[in-house]
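Analysis of the macromolecular model
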Amino acid sequence: MEIISKISKGTKMDQIYIPKNRQGLEPGTYVKIIPIEEKTIERSYFYNIKELEPIKLEIVNKIFSIIKNLTKYNNIIIAGSLLDKGFNFKDIDVLLINEEKINEKNVEKILESRLKIPIHLIHMTQKELKKALMIDPIWRIMLNKSISYKRIPPLPKTNLNYKYLDAQMIKSNLLIENSECLTGNEKYKLTRNLIAIYLFVKQKHLSKENIEREIEEKFNIESEELKNNIIDEKFIKKYKKFYKKFEKEIIKNAAKQEKAN
Amino acid sequence: MPQNRKKLIDLFIGHISEAVSHEILIRSTENKEIASHYKKELENLLDRSKKYREKINPKNSSLPEKDIDYIKTKIIIKVKTELKKRISLGYKNIDLGLIEILVDKFLKEAKIS
């Protein structure tokens, strides 16, 4: 295991900082410090990840390594449930930023065959990613918690395209019509989708924590209870009332935008 | 039809209706290329609808004509209601002609017809 880092000047002692998210080199391990030639240091960028299981870090580094040797790229970003605590992910979301067209399915296949884990690969140009971040709250949430090979530029300003938001919101209507038959996780995802769009429209910061806090405030239910399907009629009533009111607002604003265009 | 089977069919109808409405609305925006990058959500809707389909008899062949007609009609009515509400308020570029095309496509993928 090798980590490259710089010596920082301290008051009484100088120090070397190393990332908490690393494989091996546990606190208490004796290490040898030797000078090396200054060169461009390649280090991944972690966004809002306090802790990551070492084996997941290994998977991430392997994904970066495979893609680097396979195709051109401007950036490689890993997002999604892999980065949540535990091992409840069904696949790994990989975002490949590249100006040239690539064979997504081929890259996906190669990653899956090498890692033996389902991969969901999305290819975008830099321009497409910027547009997605401007209009789609789901993309902003994805990148809010991610690991990227190169630094991700600051988030662009939001651009409220109400018709687009309406299209994304419509699936959350399923919770009203089919609540008895949906699993807890499905209910949680539909609620999360609705609240993400709500926070986006209200220009609030999008993060998993903010969304879950808003779910608790609006519907008086914790996300864990929702995921475990511990809900009652009161939740469905509150959800329906909120959905219908917010839907009205979205459609009204979408129609206004259509007339203005 | 037995209550449980009807419930499964209604669930199936609900999911396909939302998938069709979502798809037509997205196509009417200028942001098709962005939404297509996150078609995982549409795939999830369709995958869930297929799970309900797998519980509806007959499982390994098309459903009876009567059931296909019922399902198709219900989906078309639901989607038309959602989209016409929006058109009446001023939405543009919504292609209602796509409804039947997408419904047929999704029903075929789900082995309903």
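All chains use their own residue numbering, which begins from 1 and follows the written sequence. Chain letters and ligand numbers both follow the written order, the letters beginning at A and the numbers at 1. Where totals are concerned, whole chains, interfaces and linings use all residues; where local detail is concerned, this predicted model gives features only for residues with pLDDT of at least 70, and gives and counts side-chain atom pairs only at 80 or more.

A look at the overall build of chain B
Strands are runs of DSSP state E lasting at least 2 residues, helices are runs of H or I lasting at least 4, and numbering of each runs from the N terminus. For chain B, the count of helices and strands is five helices and zero strands. Moving toward the C terminus, one meets the helices and strands of chain B in the order α-α-α-α-α. Exposure classes come from backbone-placed C-beta atoms, where a residue is buried if 20 or more other C-beta atoms lie within 10 Å of its own, exposed if 12 or fewer do, and partly exposed in between. Among the 113 residues that make up chain B, the fraction classed as buried is 38%. Residue pairs are scored as contacts if the distance between their C-beta atoms, which are placed from the backbone, is within 7 Å. When contacts within chain B are restricted to residue pairs at least 6 apart in sequence, those whose partners lie at least 24 apart make up 81%.

A look at the nonpolar core
The biggest cluster of nonpolar side chains holds 83 residues, and the ones touching the most others in it are Ile 78, Val 94, Leu 95 and Ala 196 of chain A together with Phe 12, Val 20 and Phe 106 of chain B. For the purposes of this description, domain bounds are those given by an automatic or database domain assignment. The residue makeup of this core includes at least three contributed by each of domain 1 (43-148) and domain 2 (162-260) of chain A. Excluding anything up to four places from it in sequence, Val 94 of chain A contacts Ile 63, Ile 76, Ile 78, Ile 119, His 120 and Leu 121 of chain A. Each nonpolar core comprises buried Ala, Val, Leu, Ile, Met, Phe, Trp, Tyr and Cys residues, the members being joined through C-beta atoms within 7 Å.

Re the interface of chain B and chain A
If you look at the interface, chain B gives 23 residues, while chain A gives 26 residues. At the level of secondary structure, the elements contributing two or more residues to the side of chain B that touches chain A comprise helix H1 (3-28), helix H2 (32-37), helix H3 (40-53) and helix H4 (65-89) of chain B. Top element by residues in the side of chain B that touches chain A is H1 of chain B. It accounts for nine residues. Here the nonpolar group is Ala, Val, Leu, Ile, Met, Phe, Trp, Tyr, Cys and Pro; Asp, Glu, Lys and Arg are the charged ones; every other residue, Gly included, is treated as polar. Partitioning the side of chain B that touches chain A into residue classes produces eight nonpolar, nine polar and six charged.

Notes on the domain arrangement of chain A
All names here are of chain A. What the domain assignment reports for chain A is domain 1 (43-148) and domain 2 (162-260). A separation of 26 Å is found between the C-alpha centroids of domain 1 and domain 2. In this complex, domain 1 contributes eight residues to the contact, which on the side of domain 2 involves eight residues. Per-element tally for the side of domain 1 that touches domain 2: the top contributor is helix H4 (residues 137-144), with five residues. Considered class by class, the residues forming the side of domain 1 that touches domain 2 number four nonpolar, two polar and two charged.

Thoughts on the sheet that holds strand E6 (residues 119-124) of chain A
Residue and element names in this part refer to chain A. Judged by pairing direction, the sheet is mixed, and its five strands sit side by side in the order E3-E7-E4-E5-E6 without closing on themselves. Whereas interior strands pair on both sides, the edge strands pair on one side only; in this sheet they are strand E3 (45-47) and E6. For this sheet the average axis-to-axis angle between neighbouring strands, irrespective of direction, equals 20 degrees. Along the sheet, H4 makes contact with E3, strand E4 (75-79), strand E5 (92-97) and strand E7 (146-148), crossing E4 at roughly 90 degrees. At least two bridges found by DSSP between two strands is the condition for calling them paired. Helix axes are fitted only over the stretch in contact, all axes being lines through C-alpha atoms; the angle between N-to-C directions runs from 0 to 180 degrees.

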